[in-house]
Amino acid sequence: FGLLANPRTGRLYASSKLSASIAVFDILPRQDVDDPTLLDPINPYVTQVAAVAIPEPARVTDRARALAISKDGTRLFATYRAPDSLIIADIADAQFGGPRARILQKVTLSDDPNDIEVVTTPTGEELLYISCFRGERIEVVDARSGVSMGSIKTGQGPSEMTVVDRPDLGIQRLYVALFNENAVAVIDLDPASPFYNTVIGEIR
């Protein structure tokens, strides 16, 4: 259902609607640019190396809706809707090679969590911004501790998001698609702003 590449390791992470786990794949180097097996339905240059299983008591019955990775490539974040939650997994390399792929935390979220954006603050901390469709809000979670840092009320149906970080323009903002309003909410992410973590406007 979801697919994401780790920019640090090059590994792929894929969620499935058939199991409460996330598959981890390594991409192997091509041996020959003219190798005809590159056209095979099962490409031998991608191999599964691990699976992040969702064990009790963090059991979920939903597929991962969105995947995100920390800037250092050591943690994987995934949203689920049954129950409404965020799963934080350790994907740093183990001592002898492959990823550890173990669950660290499960964080309860508002209704219908969807997209995830990882935002680095000026002090180097990482915050997760998670859109909650029926909750009509953005949940803010500390990426390291899993502690909730509050929520931001939005319009109806917040879904996909993107961050615009432009120091040259003096702006750091989160843009949120409001599915049920045909609009885009604009949230100020500048900690020095009096409007930090609030909706400062909508694009219609």
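Owing to the predicted nature of the structure, the values given are computational and were not obtained by experimental measurement. (Residues numbered from 1 in each chain as written. Predicted model: local features only at pLDDT ≥ 70, side-chain atom pairs only at ≥ 80, totals over all residues. Heavy atoms only, no water.)

J.: Would you take a moment to explain the nonpolar core for this structure?
T.: Most often, soluble globular proteins have nonpolar side chains that are buried together. Within the largest apolar cluster, 20 residues are counted, with the highest numbers of intra-cluster contacts made by Tyr13, Ile22, Val52, Ile54, Leu76 and Tyr80. Broken down by element, this core gets its largest block of residues, three residues, from strand β6 (residues 75-81). Counting residues in hydrophobic clusters, the runner-up holds 14 residues, among them Leu127, Tyr129, Ile152 and Met161. (Core = buried A, V, L, I, M, F, W, Y, C linked by side-chain atoms within 4.5 Å. Buried < 20%, exposed > 50% of the residue type's maximum accessible area, 1.4 Å probe, protein only. Helix = DSSP H or I, 4+ residues; strand = E, 2+ residues; numbered from the N terminus.)

J.: Quick question: what am I supposed to make of the sheet that holds strand β1 (residues 3-5) here?
T.: Adjacent strands of a sheet form backbone hydrogen bonds with each other and so pair up, either parallel or antiparallel. Spatial strand order, β1-β2-β3-β4: four strands in an open sheet with antiparallel pairing. Each end of this open sheet is capped by a strand with a single partner; those strands are β1 and β4 (46-53). Between one strand and the next, the sheet's axes are offset by a mean angle of 25°, whatever the strand orientation. Judged from the seven bridges that link them, strand β3 (residues 21-27) and β4 form a sheet pairing that is antiparallel. Bridging across to β4, Val24 finds its partner in Ala50. (Pairing = 2+ DSSP bridges. Axes fitted to C-alpha atoms, helices over the stretch in contact; angles between N-to-C directions.)

J.: So what exactly am I meant to see when it comes to the sheet that holds β6 here?
T.: What the four strands build is an open sheet, ordered β5-β6-β7-β8; its pairing is antiparallel. Either end of the sheet is taken by a strand with one partner, and the two such strands are β5 (66-69) and β8 (102-108). Averaged over all pairs of adjacent strands, the angle between strand axes in this sheet comes to 20°, irrespective of strand direction. In this structure, β5 lies alongside β6, joined through four bridges in antiparallel fashion. When the bridges of β6 are listed, Ala66 appears paired with Thr79.

J.: Help me understand the pairing of strand β14 (residues 171-178), please; the structure alone is not making it clear to me.
T.: Remember that side chains alternate between the two faces of the sheet whenever the strand is regular. By the bridge criterion, seven bridges tie strand β13 (residues 158-166) to β14 in an arrangement that is antiparallel. Along β14, the bridge assignment pairs Arg166 with Ile171. Counting the residues that bridge the hairpin from β13 to β14 gives four residues, and of these Gly170 lies at a positive phi of roughly 70°. Strand direction decides the pairing type here: β14 and strand β15 (residues 183-188), joined by six bridges, are antiparallel. Residue pairing in the sheet places Arg173 in a bridge with Asp188 of β15.

J.: What is the right way to read the packing of aromatic side chains from this model?
T.: Two aromatic rings, taken as a pair, are described by how far apart their centres are and by the angle between their planes. Tallied over the entire structure, the rule returns one aromatic pair. Ring geometry for Phe133 versus Phe179: centroids 5.8 Å apart, planes at 55°, classification tilted. Residue Phe133 is located in the loop between β10 (126-132) and β11 (137-142), and its partner Phe179 is located in the loop between β14 and β15; the two are separated by 46 residues in the primary sequence. (Phe/Tyr/Trp six-rings, centres within 6.5 Å; stacked < 30°, edge-to-face > 60°.)

J.: Is there a simple way to think about the environment of Ala82 in this case?
T.: The topology assignment puts Ala82 in the loop between β6 and β7 (84-90). Every residue in contact with Ala82, bar those within four places of it in the chain, is listed here: Val60, Thr61 and Asp62. (Contact = heavy atoms within 4.5 Å.)

J.: Hey, could you run me through the side chain of Asp188 in this one?
T.: Mapped onto the elements, Asp188 comes out in strand β15. One buried charged residue, Asp188, remains without a salt bridge, the closest side chain of opposite sign being Arg173 at 5.6 Å. Separated by 2.7 Å, the side chains of Asp188 and Ser193 make a polar contact. Residues within four places of Asp188 in sequence aside, it is in contact with Gln172, Ser193, Phe195, Tyr196, Asn197, Thr198 and Ile200. (Lys, Arg positive; Asp, Glu negative; His and termini not counted. Salt bridge = Lys/Arg side-chain N within 4 Å of Asp/Glu carboxyl O. Polar contact = N/O pair within 3.5 Å; in protein donor to acceptor, adjacent residues only side chain to side chain.)

J.: Even after reading the chapter, I still don't get the pattern of salt bridges, so can you show me in this structure?
T.: Where charged atoms of side chains with opposite charge meet at close range, the side chains can pair. Scanning all chains against the criterion turns up 11 salt bridges. One salt bridge in this structure joins Asp72 and Arg144, with 4.0 Å as the shortest N-O distance. Of this pair, Asp72 sits in the loop between β5 and β6 while Arg144 sits in the loop between β11 and β12 (148-153), and the two are 72 residues apart along the sequence. On the basis of relative accessibility, which here comes to 36%, the residue Asp72 falls in the partly exposed class. By relative accessible area, which is 51% here, Arg144 ends up exposed. A salt bridge links Asp168 to Arg166; the nearest nitrogen and oxygen atoms lie 2.6 Å apart. A relative accessible area of 56% means that Asp168 is categorised as exposed.

All we've got here are geometric facts, nothing functional implied.
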